[in-house]
Amino acid sequence: MDIEAIMGQVLSGLSVGMVLFLIASGLSVIFGTLKILNLAHGTIYMIGGFLCYWITSTFAHIPAIFWLALILGPIATALLGGLIEIFLLRRIYAEEMLYQYILTFGLILILGELCKLIWGVGYHTVSVPWPVDGKMSIFGMIYPVYNIFLICCGVAVFIGLMAVMRFTGLGRIIRAVTFNREMANALGINVPMVYTGVFMLGCWLAGLAGTLMPPMSVVALGTDMAVIIDCFIIVVIGGMGSLSGAFIGAIILGLVNAFGISLLPKLTIAFGFLLMIIILIIRHWGLLGKPE
Amino acid sequence: MRTKSGVLIVSILFCFIIFCGFGCKKAGNPIKIGHIHSISGAMSMYGKSCATGGEIAIEEINAAGGVLGRPLEQITRDDNLKPEIGLREAKNLVINDKVDFLTGTISSAVAQAISNYAKEEKKIFIVNIAQSSTLTEENFHRYIFRIDTNSIPYWGYAPALALAETWKNKKIISLGFDYVTGKDTLKAFKEKYLPLVPGAKIVGELWAPLNTTDFTAYITKMKNSKADAFFLACIYGGGELAFTKQAWAHGLYDKMKAIQSCAGDVETWSSVKKGEPYPKGAIATSRYPFWAIDDPKSKEFTKKHHDRLGYWPSYGAMNQYVIVYALKNAIEKVGAVDTEKIINALEGMELNTFVGTVKIRKCDHQAMMPTWYGYVDFTPELPFPIITRVKALGEDSYHSCEQIEKIRLAATPKQP
């Protein structure tokens, strides 16, 4: 492989990884605090995509409508998340894990069918918005600006989330609830509200990823299932509930996939799982997780 | 008095019944064609399109006096894309509606279920969309016909012939969905292409998991592979749209030639407008490029279809239209609705279609429907990308009868 081919795979790996991180970050945040593995997270992401298509096509005459969709789409999915947390999830925190899986799996089917009713079964596309629609030259290679923009978004979301968790009062409260729910409750923190807020944050992140994807991909039913497995792999590799872990996990998965495609294309389908198995054997609590 | 008027009423009624009986006889009992297709759900646009194709043919025939003085009738039923429902509807059509022929289906699984039933019941079943070659190759029997292309030309042979007739690329990299149809597609493409173009090689085979929507890493690999063309093996629908968008953004279409067979299907591309990414200049295939067919009958058919449904005809609509006419001709030749004799008439029959004469082969009951290929581009006539400068491929793009015989021999279990 020459240097250009290597750099091509590095950039592509980062791009694929960061897109997955944008989705997986929400999954990780929710699991970290609520200890809920939200199987329907990918579906929330898909709804974000449909909202992006719907807003940009309905109000196509407004200039820079995509950027408005980027603000409104995630807010809408966050509100949807709030409803799900308040009306459904709250009832099952005390129950066994199995109930969460059944509930969130049911949500995949229900929300998926709702999307089908509202937006139909066709394929939709969204144009790449100005000013990130061009191509640029990196290491002598033509590369779409939008992919670079996605990489930057992933890094920005990571830094932003870390900063909120570390340096703000809100972050301290979330960390406190995550660390010890009863103690936080005893200290006067409104734990149910923190739970709702964190779940909404997770859904906001899924909606953000969903809104960012359509310009480079396609809006269609089934896109939820295409990403959710990879997101689980990332969260498991990184350590359940660890945001930095998910960040590193996403980069590793993206790069392993990109070089796998390049060197051993016949095994592409297996790389993610192989990586997960190896890490689970060496550190079964994940790269940055804490052993229980 | 009372009895008299009673007799009168009864006799009037009697006369009425007799007259009506004569009247009905004059018009003749309709000859019924059962049509099972996907009328609801994801594939409903095909089902409705096929039904409309058949109805247009039937209206023309009935207006001209029907067949042997009897009108034709098409009864359409929904299979929900499920073999058990398709089979149930086929049984309903045969037992309750007393249909004379079965036609239809988009799903090969549904077609297989109906085919088995048709064999038992000795009813003719003519496929109008389902593509699986096994229907007419390994699982062939006397009662199944297909007036439609099949998976051999569509996925592998037609693109191979098209490339061998045009660019003759020597270094090709392939990308396919990692499942059985993807693998079969590449195998068929290689089987046909490599002997035709000496020195040609597949320099890389990439496989993406089914439902992949982010192809970035595959595209950079293809770009740096030093191949001069890429072949998409069975990447279709949403996956193909996503791939095209990303390949466009990476400038892949400017860097190498593209063979993207599915891009000739209007169904996927009708949402793409001028200025948006599309498979620029790629070789693609189509099974009914109505915009390029000059026969006025085709133009009229296309218009009628568009007026009724609001969208352009799928190739299935044309197939169902041709099927109805094939049955009409066969019945007229035989002089009766006699299944066995009609089968003999259909075998080897030359169909008069919009696209010239098409023969139904005796060895597999497969009509040699052409596959067209051309270069994807925008034209002033239509708002979405289509194949242009089209050329038709005929019997060459199908398995030969000898090949099919070998396939059937290999598929039959050996006697102990």
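Residues numbered from 1 in each chain as written. Chains lettered and ligands numbered in written order. Predicted model: local features only at pLDDT ≥ 70, side-chain atom pairs only at ≥ 80, totals over all residues.

**Examining the overall build of chain B**
Selection rule: A run of DSSP states H or I qualifies as a helix once it reaches four residues; a run of E qualifies as a strand once it reaches two. Both are numbered from the N-terminal end. Exposed residues have 12 or fewer other C-beta atoms within 10 Å of their own C-beta, buried residues have 20 or more, and partly exposed residues fall in between, where C-beta atoms are placed from the backbone. Each residue is represented by a C-beta atom placed from its backbone, and any two residues with such atoms within 7 Å are regarded as in contact.
When helices and strands are counted, chain B shows 14 helices and 14 strands. Within chain B, the fraction of its 416 residues that count as buried is 50%. Long-range pairs, those at least 24 residues apart, make up 70% of the contacts in chain B with a sequence separation of at least 6.

**Regarding the interface of chain B and chain A**
Often the size quoted for an interface is simply the accessible area lost on bringing the parts together. Rules: Asp, Glu, Lys and Arg are counted as charged, while Ala, Val, Leu, Ile, Met, Phe, Trp, Tyr, Cys and Pro are counted as nonpolar; the rest, among them Gly, fall into the polar class.
Taken together, the contact between chain B and chain A spans 31 residues of the former and 36 residues of the latter. Looking at which element gives the most residues to the side of chain B that touches chain A, the answer is helix α8 (residues 237-249) of chain B, with 7 residues. Considering only residue class, the side of chain B that touches chain A consists of 10 nonpolar, 14 polar and 7 charged.

**Brief notes about the domain arrangement of chain A**
Residue and element names in this part refer to chain A. Applicable threshold: These domain limits were set by an automatic method or by a database of domain assignments.
According to the domain assignment, chain A contains domain 1 (24-217) and domain 2 (222-292). The C-alpha-based centres of domain 1 and domain 2 are spaced at 20 Å. Between domain 1 and domain 2, the contact holds 18 residues from the first and 15 residues from the second. Put simply, the parts of the chain that give the side of domain 1 that touches domain 2 at least two residues each are α1 (3-34), α2 (41-58), α4 (97-119) and α5 (145-167).

**A word on the sheet that holds strand β2 (residues 72-78) of chain B**
Residues and elements named next belong to chain B. Note the following rule: A pair of strands counts as paired when DSSP detects no fewer than two bridges linking them. Fitted lines through C-alpha atoms serve as axes, helices being fitted only where they are in contact, and the angles separating the N-to-C directions of these axes extend from 0 to 180 degrees.
Here we have 5 strands laid out as an open sheet, ordered β2-β1-β3-β4-β5, and parallel in their pairing. Where the open sheet ends on each side, the last strands, each with one partner, are β2 and β5 (144-146). The mean inter-strand angle of the sheet, taken between neighbouring strand axes irrespective of direction, is 25°. Pairing geometry for strand β1 (residues 31-37) and strand β3 (residues 101-104), over 4 bridges, is parallel. From the neighbouring strand, histidine 35 faces β3, where its bridge partner is threonine 103. The sheet contacts of helix α3 (residues 83-95) involve β1, β2 and β3, and relative to β1 the element is tilted by about 170°.

**A short note on the domain arrangement of chain B**
All names here are of chain B. With domains assigned, chain B is organised as domain 1 (29-149 + 294-369) and domain 2 (153-286 + 372-397). On a C-alpha basis, the centres of domain 1 and domain 2 stand 30 Å from each other. Counting from both sides, the interface comprises 7 residues of domain 1 and, opposite them, 7 residues of domain 2. By residue class, the composition of the side of domain 1 that touches domain 2 is 4 nonpolar, 3 polar and no charged.

**Some thoughts on the nonpolar core**
Threshold: What we call a nonpolar core is a set of buried Ala, Val, Leu, Ile, Met, Phe, Trp, Tyr and Cys residues whose membership is set by joining through C-beta atoms within 7 Å.
Membership of the largest hydrophobic core comes to 144 residues, with the highest contact counts inside it found for Leu20(A), Leu22(A), Ala24(A), Ala209(A), Ile234(A), Ala250(A) and Phe230(B). Among the elements that take part in this core, α1(A) stands out by supplying 14 residues, more than any other. Residues contacting Ala250(A), with those up to four places away along its chain left out, are Gly17(A), Met18(A), Leu20(A), Phe21(A), Ala24(A) and Ile234(A). Counting residues in hydrophobic clusters, the runner-up holds 59 residues, among them Leu72(B), Phe290(B), Ile323(B) and Ala330(B).

**Side note on the pairing of strand β2 (residues 141-144) of chain A**
All names here are of chain A. Here 4 bridges tie strand β1 (residues 135-138) to β2, and the two strands are oriented antiparallel to one another. Across the sheet, residue isoleucine 138 finds its bridge partner in β2, namely methionine 141. From the end of β1 to the start of β2, which pair antiparallel, there are 2 residues, and phenylalanine 139 there has a positive phi angle of about 50°.

**As for the packing of helix α2 (residues 44-63) of chain B against helix α11 (residues 296-309) of chain B**
All names here are of chain B. To be explicit about the condition: For this classification, under 35 degrees means roughly parallel, over 145 means roughly antiparallel, 65 to 115 means roughly perpendicular, and everything else is oblique. What makes a crossing left-handed is the near helix being turned counterclockwise from the far one by less than a right angle; a clockwise turn instead makes it right-handed.
Running from N to C, α2 and α11 cross one another at 125°; their axes reach a closest spacing of 10 Å. Accordingly, the angle class assigned to the pair α2 and α11 is oblique. Every pair of crossing elements has a handedness; the one defined by α2 and α11 is right-handed. Note on element contacts: α11 touches α2 through Phe301, Lys304, His305, Arg308 and Leu309, opposite Lys48, Ser49, Thr52, Gly53 and Ile56. The class makeup of the residues in the contact of α2 with α11 is 3 nonpolar, 4 polar and 3 charged.

**Observations concerning the environment of Leu20(A)**
Residues and elements named next belong to chain A. Relative to the assigned elements, leucine 20 resides in helix α1. For leucine 20, a count of 26 C-beta atoms within 10 Å puts it in the buried group. Distance in space between the C-alpha atoms of leucine 20 and isoleucine 281 is 23 Å, their sequence separation being 261 residues. Setting aside residues no more than four positions away along its own chain, leucine 20 makes contact with Val227, Asp230, Cys231, Ile234, Ala250, Leu253 and Gly254.

**Looking at the environment of Glu405(B)**
Its place among the elements puts Glu405(B) in helix α14 (residues 401-411). Taking the C-alpha atoms as reference, Glu405(B) lies 40 Å from Tyr253(B); in sequence the two are 152 residues apart.

**Observations concerning helix α8 (residues 191-212) of chain A**
Put simply, the rule is: By this rule the span expected of a helix is its residue count minus one, scaled by 1.5 Å.
The end-to-end C-alpha distance of α8(A), which contains 22 residues, comes to 31 Å, matching closely the 32 Å that a straight helix rising 1.5 Å per residue would cover. Most of α8(A) sits out of view: 19 of its 22 residues are buried.

**With respect to the packing of α2(A) against helix α3 (residues 65-87) of chain A**
Residue and element names in this part refer to chain A. As a packed pair, α2 and α3 sit with axes 9 Å apart at the nearest point and diverge in direction by 140°. Classed by the angle they form, the pair α2 and α3 counts as oblique. Considering the relative orientation of α2 and α3, their crossing is right-handed. Here Ile44, Ile47, Gly48, Leu51, Cys52, Ile55 and Thr56 of α2 lie close against α3, whose contacting residues are Ile65, Phe66, Leu68, Ala69, Leu72, Gly73, Pro74, Ala76, Thr77 and Gly81. Partitioning the contact of α2 with α3 into residue classes produces 12 nonpolar, 5 polar and no charged.

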